[in-house]
Amino acid sequence: MSRKPKKKGKLKLKTRRAAMKRFRLTASGKIKRNKSMKRHILTKKATGRKRGLRKATVVSDADHSRVTRMLLG
């Protein structure tokens, strides 16, 4: 029984699983993320501030290339 010859070419890049759990792609190709500061010490934060933290937002242009590299390998 002989072994198969190895394929030459680029290696497959793996997606960072932590990034996969934190970011989602929109239909237009933008990257959505959840806002921070909503886990603990919520009593001193105003209700309107906490309400605003519920909504997801789009990743900034400064971080966009870094996040796509994490997601797409």
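As shown above, the structure is provided for reference.
Residues numbered from 1 in each chain as written. Predicted model: local features only at pLDDT ≥ 70, side-chain atom pairs only at ≥ 80, totals over all residues. Heavy atoms only, no water.

Asks: Could you clarify how one ought to interpret the pattern of salt bridges in this entry?
Replies: Close approach of charged atoms allows side chains of opposite charge to pair. In the structure shown here, the tally under the stated rule is 1 salt bridge. With a closest N to O distance of 2.9 Å, aspartate 63 and arginine 66 form a salt bridge. Of this pair, aspartate 63 and arginine 66 are both found in helix H3 (residues 61-72), 3 residues apart, which corresponds to roughly one turn of the helix. (Salt bridge = Lys/Arg side-chain N within 4 Å of Asp/Glu carboxyl O. Helix = DSSP H or I, 4+ residues; strand = E, 2+ residues; numbered from the N terminus.)

Asks: Explanation requested: the environment of leucine 25 in the structure shown.
Replies: For leucine 25, the position within the fold is in strand E1 (residues 23-25). Judged by its relative accessible area of 58%, leucine 25 falls in the exposed class. Separated by 46 residues in sequence, leucine 25 and leucine 71 place their C-alpha atoms 9.8 Å apart. Once residues within four sequence positions are removed from consideration, leucine 25 is found in contact with Lys30 and Ile31. (Buried < 20%, exposed > 50% of the residue type's maximum accessible area, 1.4 Å probe, protein only. Contact = heavy atoms within 4.5 Å.)

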